[in-house]
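A closer look at the structure
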Protein chains: 2
Amino acid sequence: MHDQAVRIKKANSARKGRDINVDLIAVVAAVSDWEPCVLTVGQRDSLPSGPFELSHRSLQSGLRDWVEQQTGHPLGYIEQLYTFADRDRIIAGREQRNISISYLALTRQDAIRMSRTSRWSSWYDYFPWEDHRSGAPAALRLLRPRLLAWAKGADNAAARRERRQRAAIAFGFDDRPWNEELTLQRYELLYEAALVEEAAADPKPSAAASLSGRTMVADHRRILATGIARLRSKIKYRPVVFELMRPAFTLLHLQRTVEALAGRLINKPNFRRLVEQQELVEETGETSLDTGGRPAKLYRFRHAVLDEQAVVGTKLPLSRA
Amino acid sequence: MHDQAVRIKKANSARKGRDINVDLIAVVAAVSDWEPCVLTVGQRDSLPSGPFELSHRSLQSGLRDWVEQQTGHPLGYIEQLYTFADRDRIIAGREQRNISISYLALTRQDAIRMSRTSRWSSWYDYFPWEDHRSGAPAALRLLRPRLLAWAKGADNAAARRERRQRAAIAFGFDDRPWNEELTLQRYELLYEAALVEEAAADPKPSAAASLSGRTMVADHRRILATGIARLRSKIKYRPVVFELMRPAFTLLHLQRTVEALAGRLINKPNFRRLVEQQELVEETGETSLDTGGRPAKLYRFRHAVLDEQAVVGTKLPLSRA
DNA sequence: TCCGCTTATATTCCGGCTGACAATAAACCG
DNA sequence: CGGTTTATTGTCAGCCGGAATATAAGCGGA
């Protein structure tokens, strides 16, 4: 196909393709009181979002506009997550294709001026099985038999083994290690096993909510899972945690924040060693007395590392236990 | 803002947003004769692409359709790369927004039936500074003074230092290690420094082509750089190389393939150790005599690892030298 | 046939990073 | 002033990754 032909073909279907709508949607994350939170809007839980319009200078600025409009505060750090094509839906009698471009945004919770309809909720309200800071959560123990039952329900022996193994890997059964990065796989597995409400034809709050977590509108919980997985992966090799910190913080604050995101505890001395030897932070000279015991030194992020290490390094001690 | 209001707002701008066109675009990669290649179409170098249409079942299937139509062969492994919003352009007198959803596809070169207008080109025709398998390439030595001159041309001392440092990190100046994953940053730096043709107002093949590489249509070279960076990063923790291998291969074949992608050499015994201890492959029982010396055992990929390790592990020995 | 060439395969050594644990320091509280 | 709490420093063994070395198995020509 010649360039000419390609161009004609593109022009044709640009005309046909008018019924494609492009949405921008944000997972806005923060940590407060050692709980990782996400910003939602509306009566039913929705992620802030809005259509991409001609007036937007770029995808990112369009997203910033929408979130600022819906929550009253500009965003700082954002990165693209994934682009989904939703199921078809009918608007004004015509078939309508909907594309969602999702972003992950990091901010400090107190940096958001609350509006009437936006609010923060803990990640773990939506994913109760994801928080392993106090050992394996109850939700996980309750899910296990259901997942095993689902695996048993497969057609043939091979499919049963395959389901069994997928569940074991994702959820750490059979003495496999818990891998906090598999948040998305876990959610998709539960969806496939019809153990989350969104999988039901008519979503309604049920008694199972405490087991399978709070639901969100449409596929928003899936997008949130994507964001959590991305963030849990990224904190291990990029200094993004600091987007969630106040200007000055103690090393324990920093550690608790990372633990909140990862949903697991980490070794204190080792954490300190890693942070210090990478020169991610510098002392402010002040100390914090809030802790009850010996006062902790306050640190601030060395913004210079963003230039120095650029993209490499910056590991946090989060491997399999 | 209430759900109701959100819905109305979305409906409104869906009506206004009709002039948004969505393109699917593919970086199709393969390795042959130890050269990493990309599939291009058209007279001028373009990546295979086409608009997303209502008839497509999903983004992925739309992409598969276009590539199959333009190159005559179905794709295997694909993964999403990034979504760009191009600059505005005018079609039929109306402002037109163009969104490109890019994908990375992996295949064996001989698995593509060549059509009249599609062809393979080495990555390193487009990015001559990226191949470090025979030491630092000539293009890199030639670019260095120009980059330093660009750094010197900044307004003030701080900006000069910042440019200097960015260039040093990206290209490994001042005894910094070469980091093969920074392909995209390097291209963007060269673009900013106006050292690649796309940055010029009217792109024309010039004598500098050997220095700054072959150009592509529009921003396609940038998308290719994104794909290369993603692949170079991904081979280190997922067994995706095998998508590029024939069913049976020697360990040296596998190593040379990884080296071609990474653009750097790796230590042979260490490579073997890593591949074997992860049980990524199993012997076929046959041997290959093509090599001239002692016959090499042939191996095949253990597809079971896709279920076992799922997402974790699978590291390849490619850290900073 | 034997020697040298080429490539494949196996083994060893070493340094650094990581995880687990222990010890000391500095505040507060009664 | 002793007990409690938290911060901070130190130690040690195991593993992993990188480099170098040694051995094996073909081929081809002298």
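Whatever comes next refers back to the structure up there.
Residues numbered from 1 in each chain as written. Chains lettered and ligands numbered in written order. Predicted model: local features only at pLDDT ≥ 70, side-chain atom pairs only at ≥ 80, totals over all residues. Heavy atoms only, no water.

1. Overview of the overall build of chain A
- Helix and strand counts for chain A stand at eleven helices and nine strands.
- Burial statistics for chain A: of 321 residues in total, 52% are counted as buried.
- Of all intrachain contacts in chain A linking residues separated by at least 6 positions in sequence, the fraction that spans at least 24 positions is 64%.
- Accessible area of chain A: about 14,900 Å², with a carbon and sulfur share of 49%. (Helix = DSSP H or I, 4+ residues; strand = E, 2+ residues; numbered from the N terminus. Buried < 20%, exposed > 50% of the residue type's maximum accessible area, 1.4 Å probe, protein only. Contact = heavy atoms within 4.5 Å. Areas by Shrake-Rupley, 256 points an atom, 1.4 Å probe, with all protein chains shown as cover.)

2. Some words on helix 2 (residues 59–71) of chain B
All names here are of chain B.
- Across its 13 residues, helix 2 extends 18 Å between first and last C-alpha, which sits within 8% of the 18 Å expected from 1.5 Å per residue.
- The complete set of buried residues in helix 2 reads Leu-59, Ser-61, Gly-62, Leu-63, Trp-66, Val-67, Gln-70 and Thr-71.
- After helix 2 finishes, the residue Gly-72 shows a positive phi value of roughly 80°. (Expected span 1.5 Å × (residues − 1).)

3. Notes on the pairing of strand 2 (residues 35–41) of chain A
Residue and element names in this part refer to chain A.
- Across the seven residues that make up strand 2, a large majority, six, are buried.
- Where strand 1 (residues 20–32) and strand 2 come together, four bridges link them in antiparallel fashion. Considered in strand 2, the bridge of Val-31 is made with Pro-36.
- Connecting the antiparallel pair strand 1 and strand 2 is a turn made up of two residues, with Asp-33 showing a positive phi of about 50°.
- With five bridges connecting them, strand 2 and strand 7 (residues 118–122) associate as antiparallel partners. Residue pairing across strands places Thr-40 opposite Arg-119, the latter belonging to strand 7. (Pairing = 2+ DSSP bridges.)

4. Looking at unusual backbone geometry
- Its identity as a non-glycine residue notwithstanding, Trp34(A) has a phi of 60°, on the positive side.
- Structurally, Trp34(A) can be placed in the loop between strand 1 and strand 2.
- Classification of Trp34(A) by relative accessible area gives partly exposed; the value is 40%.
- The backbone of Glu279(B) sits at a positive phi, close to 55°, despite the residue not being glycine.

5. Topic: the side chain of Arg232(A)
Residue and element names in this part refer to chain A.
- Mapped onto the fold, Arg-232 is located in helix 8 (residues 220–234).
- When its relative accessible area of 1% is taken as the criterion, Arg-232 is described as buried.
- A distance of 2.9 Å separates the side chain of Arg-232 from the backbone oxygen of Glu-180, its partner in a polar contact.
- In this structure, Arg-232 is in contact with Trp-123, Tyr-124, Glu-130, Glu-180, Glu-181, Thr-183, Arg-186, Leu-261, Ala-262 and Gly-263, ignoring residues within four places of it in sequence. (Polar contact = N/O pair within 3.5 Å; in protein donor to acceptor, adjacent residues only side chain to side chain.)

6. Quick word on the packing of helix 6 (residues 183–192) of chain A against helix 8 of chain A
All names here are of chain A.
- One way to put it is that helix 6 packs onto helix 8 with a least axis distance of 7 Å and a crossing angle of 155°. By the angle between their directions, the pair helix 6 and helix 8 is classed as roughly antiparallel. Where helix 6 abuts helix 8, its residues Thr-183, Leu-184, Arg-186, Tyr-187 and Glu-188 lie against Arg-221, Arg-222, Ala-225, Thr-226, Ile-228, Ala-229 and Arg-232.
- Residue composition of the contact of helix 6 with helix 8, grouped by class: five nonpolar, two polar and five charged. (Axes fitted to C-alpha atoms, helices over the stretch in contact; angles between N-to-C directions. Parallel < 35°, antiparallel > 145°, perpendicular 65-115°, else oblique. Nonpolar A, V, L, I, M, F, W, Y, C, P; charged D, E, K, R; others polar.)

7. Some thoughts on the side chain of Arg302(B)
Residue and element names in this part refer to chain B.
- Secondary-structure assignment places Arg-302 in the loop between strand 9 (296–301) and helix 11 (304–308).
- Overall, the relative accessible area of 17% leaves Arg-302 in the buried class.
- A polar contact is formed between the side chain of Arg-302 and the backbone oxygen of Glu-279, at a distance of 2.6 Å.

8. Structural notes on the packing of aromatic side chains
- In this structure the tally under the stated criterion is 16 aromatic pairs over all chains.
- For the ring pair Phe242(B) and Phe249(B), a centre distance of 5.9 Å and an interplane angle of 40° mean the geometry is tilted. Here Phe242(B) matches Phe249(B) in class, with each residue buried.
- Taking 4.1 Å as the distance between ring centres and 15° as the angle between the ring planes, the aromatic pair formed by Phe242(B) and Phe301(B) counts as stacked. Taken together, the residues Phe242(B) in the loop between helix 8 (220–234) and helix 9 (251–262) and Phe301(B) in strand 9 connect sequence positions 59 residues apart.
- A relative accessible area of 10% means that Phe242(B) is categorised as buried.
- Counting every residue linked through ring pairs, the aromatic cluster contains Phe127(A), Trp129(A), Tyr187(A) and Tyr191(A).
- Taking the ring centre of Trp178(A) as reference, the NZ or CZ of Arg186(A) above it sits at 3.8 Å. (Phe/Tyr/Trp six-rings, centres within 6.5 Å; stacked < 30°, edge-to-face > 60°. Lys NZ or Arg CZ within 6 Å of the ring centre and 35° of its normal.)

9. Some remarks on helix 5 (residues 157–171) of chain A
Residues and elements named next belong to chain A.
- Taking 1.5 Å of rise per residue, 15 residues should cover 21 Å, and helix 5 covers 21 Å from first to last C-alpha, within 8% of that figure.
- Among all positions in helix 5, only Ala-167, Ala-168, Ile-169, Ala-170 and Phe-171 are buried.
- At the exit of helix 5 stands Gly-172, carrying a positive phi of roughly 70°.

10. A short note on the pattern of salt bridges
- By the definition in use, this model includes 40 salt bridges over all chains.
- We note a salt bridge from Glu188(A) to Arg222(A), for which the minimum N-O separation is 2.5 Å. In this pair, Glu188(A) is assigned in helix 6 and Arg222(A) in helix 8, connecting sequence segments 34 residues apart.
- Here Arg119(B) ties to Asp45(B) by a salt bridge, and the two come within 3.1 Å at their closest N and O atoms. Residue Arg119(B) is located in strand 7 (residues 118–122), and its partner Asp45(B) is located in the loop between strand 2 (35–41) and strand 3 (49–51); the two are separated by 74 residues in the primary sequence. (Salt bridge = Lys/Arg side-chain N within 4 Å of Asp/Glu carboxyl O.)

11. Re the nonpolar core
- By size, the foremost hydrophobic cluster in this structure holds 62 residues, and its most contacted members are Trp129(A), Leu147(A), Phe171(A) and Leu231(A).
- The contact partners of Leu147(A), leaving out residues within four places of it in the chain, are Phe171(A), Phe173(A), Leu190(A), Ala193(A) and Leu195(A).
- Within the second largest apolar cluster, 61 residues are counted, among which are Leu81(B), Leu143(B), Ala168(B) and Leu254(B). (Core = buried A, V, L, I, M, F, W, Y, C linked by side-chain atoms within 4.5 Å.)

12. A look at the environment of Ser58(A)
- Note on placement: Ser58(A) falls in the loop between strand 3 (49–51) and helix 2 (59–71).
- The contacts of Ser58(A), once residues within four sequence positions are left out, are Phe52(A) and Arg97(B).

13. Thoughts on the environment of Leu195(A)
All names here are of chain A.
- With respect to the secondary-structure elements, Leu-195 resides in the loop between helix 6 and helix 7 (209–212).
- Classification of Leu-195 as buried rests on a relative accessible area of 15%.
- Placed 49 residues apart in sequence, Leu-195 and Arg-146 show a C-alpha to C-alpha distance of 7.9 Å.
- Beyond its immediate chain neighbours, meaning those up to four positions away, Leu-195 contacts Leu-143, Arg-146, Leu-147, Leu-190 and Ser-212.

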